[in-house]
Amino acid sequence: MRTVSILGATGSVGTSTLDLVERAPERYRVRALTANCDVARLSEAALRTRAELAVVADETCLPALRMALAGSGIETAGGMDAVCDAAASGADWTMGAIVGCAGLKPVMRAIEQGGTVVLANKEPLVSAGDLVTAAAREHGATLLPADSEHNAIFQCFDAARPDSVRRIVLTASGGPFRDWSLERMATVTREQAVAHPNWSMGAKISVDSATMMNKGLELIEAARLFPVPAERIEIVIHRQSVIHSMVDYIDGSMLAQLGPSDMRVPIAHCLAWPERMATPMAPLDLIALGRLDFEAPDPVRFRALALARAALEAGGARPAILNAANEVAVAAFLAGNIAFLEIAAIVDDTLQRYDPAAPETLDAVLAIDAEARRLAGERVKDCVR
Ligand code: NAD
Ligand code: MG
């Protein structure tokens, strides 16, 4: 019996994780579930799984949560400190599925208690990757990647012989606008941007996939998780999203992980690791698939790729600034305040205007994150005017 906590339990990854946990109640007991403010989903999941604790980050939603769980015996709490305490409430296995850098503190608290911490939430690795991986080493926590690409690399990577790896090849679907001209991309609406051709995901990562900033963030994430330098991590467009990434070895062998584009596959790998568990997914039908295509990404239409690579290569505070500006710009796009192509422009502008020294502590990262958000917010206002 393993105790499990899910941070961001009401989102796309959180719901997929719950689905797997609920299929094996004899193996998993739910300790804590957290959400921002989706009381209906959170309370239903807490009741179904008989969770011990349910927490909303937004304190104004706590009264509604208390009401929904009254008489159930499930403990409730509200506020970001309560989310952090829930992350550190003793689960053997914790899923980090909060969206954005908001997940950084809770993830750090989960790491500090040791145990297994699964990261779907990639932004903390981008902004504070070295601090996150150093904390895992210091506290003996096991970090497992649930992001499908990084989970694929993890499955293919010979960690005992990193020198035998020549390249990591990250695959990208290319998103809904992979065949659109730049002129047409200027007209993209919110609805078009969140409709991903292959994956069903939360709004923020769907927009990141459409700008390909998601692949830029994943490039940085890969460099944090695997001992391979930036110049040996390549990005290839693979529109079918069947190969989730590859590891190329010096002897000419290339290992790939294939699977359906359903996050339950990589999450199940992390949930059962180092064992395997059955999932409801049908086996891949290779004959029906027929072919797998690969092409080079277009750096002109997808500026975010070059911005992310430059941020990774420069290091220091650059990835945290890139991520914070992107979060602000994506939120502004989703709110209808800026145009699609302005997202990358705002990220670029914020990087040009702000160049602080490399952060060495979590508080320094959070201060840089806050200042980058403020600067990006100013640019959003200029775009609105
Ligand atoms: P989502 O928007 O569907 O869900 C986000 C969850 O975080 C929700 O439970 C929400 O209530 C909670 N949340 C939002 N803001 C919060 C805040 N300020 N404080 C505390 N909790 C908050 O997002 P998602 O698509 O599930 O993605 C979650 C993370 O996983 C992201 O970092 C994303 O990049 C990563 N990821 C997602 C997928 C996917 O298929 N959805 C795949 C790979 C990686
Ligand atoms: Mg991914």
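Computed from a predicted model, the values in this text were never measured in an experiment. (Residues numbered from 1 in each chain as written. Chains lettered and ligands numbered in written order. Predicted model: local features only at pLDDT ≥ 70, side-chain atom pairs only at ≥ 80, totals over all residues. Heavy atoms only, no water.)

Chemist: Could you clarify how one ought to interpret the coordination of the magnesium ion (ligand 2) in this entry?
Modeler: Where a metal carries four tetrahedral donors, each ideal angle is 109.5 degrees; where it carries six octahedral donors, the ideal angles are 90 or 180 degrees. For the magnesium ion (ligand 2), every protein donor is listed as Asp-147 (OD), Glu-149 (OE) and Glu-218 (OE), and the spread of their distances is 2.1 to 2.2 Å. Along the chain, the residues that donate to the magnesium ion (ligand 2) are spaced as D-x1-E-x68-E. Here Glu-218 lies in helix α11 (residues 213–225) and Glu-149 lies in helix α7 (residues 148–156), a separation of 69 residues in the sequence. Pair check on accessibility: Glu-149 and Glu-218 agree, each one buried. (Donors = N, O, S within 2.8 Å, 3.2 Å for Na, K, Ca; no water. Helix = DSSP H or I, 4+ residues; strand = E, 2+ residues; numbered from the N terminus. Buried < 20%, exposed > 50% of the residue type's maximum accessible area, 1.4 Å probe, protein only.)

Chemist: Just checking my understanding: could you explain the site of ligand 1 for this structure?
Modeler: Taken together, the neighbourhood of ligand 1 is formed by 23 residues, with Thr-10, Ser-12, Asn-36, Glu-123 and Gly-202 sitting nearest. Note that an oxygen atom of ligand 1 is positioned 2.9 Å from one of the backbone N or O atoms of Ser-12. Against a free-state accessible area of 830 Å², the protein chains account for coverage of 86% of ligand 1. Counted by class, the shell around ligand 1 contains 13 nonpolar, seven polar and three charged residues. (Near = heavy atom within 4 Å. Polar contact = N/O pair within 3.5 Å; in protein donor to acceptor, adjacent residues only side chain to side chain. Areas by Shrake-Rupley, 256 points an atom, 1.4 Å probe, with all protein chains shown as cover. Nonpolar A, V, L, I, M, F, W, Y, C, P; charged D, E, K, R; others polar.)

Chemist: Quick question: what am I supposed to make of the packing of aromatic side chains here?
Modeler: Two aromatic rings are characterised by how far apart their centres lie and by the angle between their planes. This model, assessed by the stated rule, comprises five aromatic pairs. Ring geometry for Phe-154 versus Trp-273: centroids 5.9 Å apart, planes at 50 degrees, classification tilted. With Phe-154 in helix α7 and Trp-273 in the loop between α12 (264–272) and α13 (286–289), this pair connects stretches of sequence that are 119 residues apart. For Phe-154, a relative accessible area of 26% puts it in the partly exposed group. Under the relative-accessibility criterion, Trp-273 is labelled partly exposed at 30%. Their ring planes at 65 degrees and their centres at 5.7 Å tell us that Phe-333 and Phe-340 sit as a pair that is edge-to-face. Assigned by exposure class, Phe-333 and Phe-340 land together as buried. Members of the aromatic cluster, joined through ring pairs, are Phe-177, Trp-180, Phe-333 and Phe-340. For Arg-184, the ring lying beneath its charged end belongs to Trp-180, and the centroid distance is 3.6 Å. (Phe/Tyr/Trp six-rings, centres within 6.5 Å; stacked < 30°, edge-to-face > 60°. Lys NZ or Arg CZ within 6 Å of the ring centre and 35° of its normal.)

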